[in-house]
Amino acid sequence: MGQCILIDERSMMLRVDLRKLRIRAFSGVLFAATLVMAVSAAPATAQGVTSLRGLPDFTELVEQVGPSVVNIRTLEKVRASGASGSGSDEEMQEFFRRFFGVPMPGTPRQTPRPNRPQEEEQPRGVGSGFILTADGFVMTNAHVVDGADEVLVTLTDKREFKARLIGADKRSDVAVVKIDASGLPAVKIGDVNRLKVGEWVMAIGSPFGLENSVTAGIVSAKQRDTGDYLPSIQTDVAINPGNSGGPLINMRGEVVGINSQIYSRSGGFMGISFAIPIDEAMRVSEQLRASGRVTRGRIGVQIDQVTKDVAESLGLGKAQGALVRGVESGSPADKAGVEAGDIITRFDGKILDKASDLPRLVGNTKPGARSTLTVFRRGASKDLSIVIGEVEPDKSVARKSTDREEKDKAKASAALQLLGLSVSEVGEAQKKELKLKGGVRVESATEGAARAGLREGDVIVQIANTEIATVKEFEAAVARLDKTKAVHVLFRRGEWAQYALIRPAR
């Protein structure tokens, strides 16, 4: 009795004759072993057995790119604790000096010095960055340098430089700083369009202050929506606090992104991280280096995603484009004739696959430029000419808030997180439509807010019996809440007003 195994590769045939093996009891086992050996010895084919690939070796990449990655430390100035005694002692010293011309009895003699507040520098945060040019331009995240009084950049050779902030853009979370050095090892910029899902990538940074830490993984997704101007690259590369601002590197040693965000419920890495595409970051950095600020276009519309049901009911066919929910009075869109209910399907001829494509395309258009909007209205498409406006620039990222502002902001942020609410300003068109004087629009509702029945699009007009007109007023009201008690809010959903009781998470 014989057995024949065929492996289709260049007409190769392997023949195994069991009769010649002279095996009785273990013939089945030996046959299986012979089969494995035969398959292992034969080349693989697309139709047959697929050859296994080994894991990539990142050692050369680390040697190549590592010297271009820097550690960034930020410092802030705080008022030093008074060494001259309590406030009452200071007042008594001033009393004796002014009215008797002598020091207060028992006061040690001191050398006169200018009457100025004492300040000391304290560590504020740690992040990462990478060298853009050999003459000292360094790219990092805007949130890494936000509010810092001093930025220190440390190279891999342990040289440390005091950096000058060139500019920062909060919307894209990109910042550029400059150090006085030359002959530095600059990174190579890659092409994000060539990046593929499943491709190996590597990150270098300073997680938890541990300098020059290397992690690796694969690209999980591209064009992931995490914000109006951030079509992020999603990866499973381990990113933790301190990695922010560091480079995401492909297997060719090119930077394809800036590590910026993580998805986490604990504050640590949970398997999902996000990077800003390097092409988006470079556009921002060029403007920052040229003028210290970024200009973006705007047209003044509130938009939403086009659902399949809406597309079919309107005769649009495919669920694509941006549904106009409201138009700001006097905005470029209002002047161009855009109406609530329109579906914007193209911008300057470019098809909008999803609603988030519109703000990115408009934002990358120079203010004052004339563009064309294609809208789908009452069963037909129509082209509208529009002059692009300008987004109001952010306040300087280097500006430090007052202690009171920081405390209020921290309280509001913690309470908002506790209630599970994210809010934004209500557009003038929506106020007019709902006949409201003010309020805040719910952008997302989770935890307690979701359990209370709130959802995206609702307009909150009161919280804890306090009327609110703006996000600032809402945050101020939230900051005063007792976080241990439930709070009621009055909100509008279309023409209907109703109350909800939000119970904070325990």
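Only a predicted model underlies this, so the values are computations on that prediction, with no experimental measurement involved. (Residues numbered from 1 in each chain as written. Predicted model: local features only at pLDDT ≥ 70, side-chain atom pairs only at ≥ 80, totals over all residues. Heavy atoms only, no water.)

Let us look at the environment of Val459. With respect to the secondary-structure elements, Val459 resides in strand 26 (residues 459-463). The sequence separation of Val459 and Val442 amounts to 17 residues, and the corresponding C-alpha distance is 6.1 Å. (Helix = DSSP H or I, 4+ residues; strand = E, 2+ residues; numbered from the N terminus.)

Further remarks concern unusual backbone geometry. At Asp173, a position not held by glycine, the phi torsion is positive, near 65°. Tracing the backbone through its elements, the reader meets Asp173 in the loop between strand 7 (160-169) and strand 8 (174-178). Exposure remark for Asp173: the relative accessible area of 9% places this residue in the buried category. Unlike most non-glycine residues, Phe208 shows phi in positive territory, near 55°. Tracing the sequence through the fold places Phe208 in the loop between strand 10 (200-205) and strand 11 (213-225). By relative accessible area, Phe208 is classed as exposed at 57%. (Buried < 20%, exposed > 50% of the residue type's maximum accessible area, 1.4 Å probe, protein only.)

With that settled, the discussion passes to the packing of aromatic side chains. If you walk through the whole model with that rule in mind, you get 1 aromatic pair. Their ring planes at 65° and their centres at 6.0 Å tell us that Phe58 and Trp200 sit as a pair that is edge-to-face. Taken together, the residues span a long stretch of sequence, with Phe58 in the loop between helix 1 (27-41) and helix 2 (59-65) and Trp200 in strand 10 at a distance of 142 residues. Sitting over the face of the ring of Phe137, Lys178 holds its NZ or CZ atom 5.5 Å from the ring centroid. Sitting over the ring of Phe137, Arg289 keeps its end group 4.4 Å from the ring centre. (Phe/Tyr/Trp six-rings, centres within 6.5 Å; stacked < 30°, edge-to-face > 60°. Lys NZ or Arg CZ within 6 Å of the ring centre and 35° of its normal.)

Taking 1.5 Å as the rise per residue, helix 5 (residues 278-291) with 14 residues should run 20 Å; its terminal C-alpha atoms sit 20 Å apart, in good agreement. Burial in helix 5 covers these residues: Ile278, Glu280, Ala281, Met282, Val284, Ser285 and Leu288. Backbone geometry just downstream of helix 5 places Gly292 in the positive-phi region, at approximately 80°. (Expected span 1.5 Å × (residues − 1).)

For the structure on display, the rule yields 17 salt bridges. With its nearest N and O atoms 2.7 Å apart, the salt bridge here joins Arg377 to Asp342. Within this pair, whereas Arg377 is found in strand 21 (residues 370-377), its partner Asp342 is found in the loop between helix 7 (332-336) and strand 19 (343-347), the two being separated by 35 residues in sequence. What makes Arg377 buried here is its relative accessible area of 13%. On the basis of relative accessible area, Asp342 is assigned to the buried category, the value being 1%. With its nearest N and O atoms 3.9 Å apart, the salt bridge here joins Arg441 to Glu456. You can see Arg441 sitting in strand 25 (residues 440-445) and its partner Glu456 sitting in the loop between helix 11 (447-451) and strand 26, a full 15 residues away along the chain. Since its relative accessible area comes to 8%, Arg441 is described here as buried. (Salt bridge = Lys/Arg side-chain N within 4 Å of Asp/Glu carboxyl O.)

All chains considered together, the criterion is met by 1 cavity of 30 Å³ or more. Put simply, the largest cavity is a space of about 50 Å³. Val69, Val70, Asn71, Thr154, Leu155, Ile204, Gly205, Ser206, Glu211 and Asn212 together form the lining of the largest cavity. Sort the elements by how many residues they give to the lining of the largest cavity and strand 3 (residues 69-79) lands first, with 3 residues. Residue classes in the lining of the largest cavity are distributed as 4 nonpolar, 5 polar and 1 charged. (1 Å grid on protein atoms, 1.4 Å probe; cavity = no way out; pocket = protein on both sides within 12 Å on 5 of 7 lines; lining within 4 Å. Points joined across faces, edges and corners; volume = space filled by probe spheres on them. Nonpolar A, V, L, I, M, F, W, Y, C, P; charged D, E, K, R; others polar.)

Here we take up the pairing of strand 5 (residues 137-140). Side chains Phe137 and Met139 of strand 5 all project onto a buried face; the interleaved residues Val138 and Thr140 project onto the opposite face, where all are buried too. Where strand 5 lies against strand 8, 4 bridges are found, and the strand directions are antiparallel. Bridging across to strand 8, Thr140 finds its partner in Ala175. (Pairing = 2+ DSSP bridges.)

Glancing now at the confidence of the model for the protein. The share of residues in the protein with pLDDT of 70 or more is 74%, and the mean pLDDT across the chain is 79. Predicted confidence for residues 82-88 stays below pLDDT 50, and this span has 3 contacts to residues more than four positions away or in other chains. (pLDDT = per-residue confidence, 0-100. Contact = heavy atoms within 4.5 Å.)

Our next topic: the pairing of strand 13 (residues 247-250). The two faces of strand 13 match: Pro247 and Ile249 on one face and Leu248 and Asn250 on the other face are all buried. One ladder, built from 3 bridges, connects strand 10 with strand 13; its direction is antiparallel. Pairing of Val201 across the sheet is with Asn250, part of strand 13. From the end of strand 13 to the start of strand 14 (residues 254-262), which pair antiparallel, there are 3 residues, and Gly253 there has a positive phi angle of about 80°.

Turning our eyes to something else, we now look at the nonpolar core. By size, the foremost hydrophobic cluster in this structure holds 29 residues, and its most contacted members are Phe130, Met139, Ile258 and Ile278. Among the elements that make up this core, the one with the highest residue count is helix 5 (5 residues). Sequence-distant contacts of Ile258, defined by excluding residues within four places in its chain, comprise Phe130, Met139, Asn141, Val174, Gly245, Gly246, Phe274, Ala275, Ile276, Ile278 and Ala281. In terms of nonpolar packing, the next biggest core, distinct from the first, is built from 21 residues, Ile460, Phe474, Ala477 and Ala500 among them. (Core = buried A, V, L, I, M, F, W, Y, C linked by side-chain atoms within 4.5 Å.)

For Arg492, the location among the structural elements is in strand 28 (residues 487-493). Spatially, the C-alpha atoms of Arg492 and Asp458 are 5.8 Å apart, while their sequence positions differ by 34 residues. The contact partners of Arg492, leaving out residues within four places of it in the chain, are Leu434, Leu436, Asp458, Val459 and Ala497.

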